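Architecture at a glance
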Amino acid sequence: RTILLINGPNLNLLGTREPHIYGGTTLADVVSEAESQASSLGVFLQSFQSNHEGAIVDRIQEARGNVDAIVINPGAFTHTSVAIRDALLGVDIPFVELHVSNVHAREPFRHHSYFQDKAVAVICGLGTYGYTAAIGFAAKHMKIKGK
Ligand code: DQA
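Bear in mind that the values here come from a model prediction, so they are computed numbers and not experimental data.

Right, let's talk about the site of the ligand for a bit. Close to the ligand lie N10, N73, G75, A76, T78, H99, V100, S101, V103 and R110. Its residues placed into classes, the shell around the ligand shows three nonpolar, six polar and one charged.

UniProt's feature table lists "site: Transition state stabilizer" (unreviewed entry) at R17, given in the numbering used throughout. Examined against the element boundaries, R17 turns out to sit in the loop between β1 (2-7) and α1 (19-22). Judged by C-beta crowding, with 13 C-beta atoms within 10 Å, R17 ranks as partly exposed. Every residue in contact with R17, bar those within four places of it in the chain, is listed here: N10 and Y22.

The next thing to look at is the UniProt feature "transmembrane region" (unreviewed entry) in the protein. Per the UniProt annotation, the sites labelled "transmembrane region" (unreviewed entry) are residues 119-139. Secondary structure across residues 119-139 divides into 52% helix and 19% strand, with the first and last C-alpha atoms of the span separated by 16 Å.

With that settled, consider the environment of D68. The residue D68 is located in the loop between α3 (53-62) and β3 (69-73) in this model. With 21 C-beta atoms packed within 10 Å, D68 lands in the buried category. C-alpha separation for the pair D68 and Y131, spaced 63 residues apart in sequence, amounts to 17 Å.

This part is about the pairing of β1. Counting buried positions along β1 yields five of six residues, so the element is predominantly enclosed. The sheet contact formed by β1 and strand β2 (residues 44-49) spans six bridges and is parallel. Residue pairing across strands places L5 opposite S47, the latter belonging to β2. Here five bridges tie β1 to β3, and the two strands are oriented parallel to one another. What sits directly across from N7, in β3, is N73.

Next up on the list: the sheet that holds β1. Here we have five strands laid out as an open sheet, ordered β2-β1-β3-β4-β5, and parallel in their pairing. Each end of this open sheet is capped by a strand with a single partner; those strands are β2 and β5 (121-124). Neighbour to neighbour, the strand axes of the sheet diverge by 15° on average, direction disregarded. Set on the sheet, helix α2 (residues 27-40) makes contact with β1 and β2; between it and β2 the angle comes to about 165°. In the packing of helix α5 (residues 129-141) onto the sheet, contacts are made with β1, β3, β4 (95-99) and β5, and the angle to β4 comes to roughly 170°.

Here the focus is unusual backbone geometry. Of note in this structure, E18 is not a glycine but carries a positive phi near 35°. Mapped onto the fold, E18 is located in the loop between β1 and α1. Classification of E18 by C-beta neighbours within 10 Å gives exposed; the count is 11. Phi is positive for D92, close to 55°, though the residue is something other than glycine. Inspection of the secondary structure assignment puts D92 in the loop between α4 (82-91) and β4.

Rules behind the numbers
- Residues numbered from 1 in each chain as written.
- Predicted model: local features only at pLDDT ≥ 70, side-chain atom pairs only at ≥ 80, totals over all residues.
- Near = placed C-beta within 6 Å.
- Nonpolar A, V, L, I, M, F, W, Y, C, P; charged D, E, K, R; others polar.
- UniProt positions renumbered as here; feature names shortened; annotations may be inferred.
- Helix = DSSP H or I, 4+ residues; strand = E, 2+ residues; numbered from the N terminus.
- Buried ≥ 20, exposed ≤ 12 C-beta atoms within 10 Å, placed from the backbone.
- Contact = placed C-beta atoms within 7 Å.
- Pairing = 2+ DSSP bridges.
- Axes fitted to C-alpha atoms, helices over the stretch in contact; angles between N-to-C directions.

The structure is reproduced here in structure tokens:
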């Protein structure tokens, strides 16, 4: 059983970028915490971060047939990317959409998501605890597809 964690653009700067919005926890901390959480839940975690839309599309395509659930923070691509949406639908892997900040309390252009109507769940505003919540949910409650 495998969960793929995807972080989009600028999330490599987590912990140092606008800490009043995104907090002080780094992406490395998030990923190592997620790995130990996954192993304690008996699931395998793969992690991927990219600032490039096409690289994220490629990684989602690679997951076809070997990943059971995706947890994705698409970053700013949340509000722009039909291509990433199509990739997720194309591989037919259930996914949780996650945002560190409460996007609904921010600028109006962050209120729309190209993913929210297809996600199993949407988490926002929990800070980096959102990753813990999403991975716990994916490990315990998302059904294994195709295996
Ligand atoms: C974000 C919210 C997006 O609007 C923003 O572009 C990000 C991060 C979040 O985690 O809160 O890069 O996805």
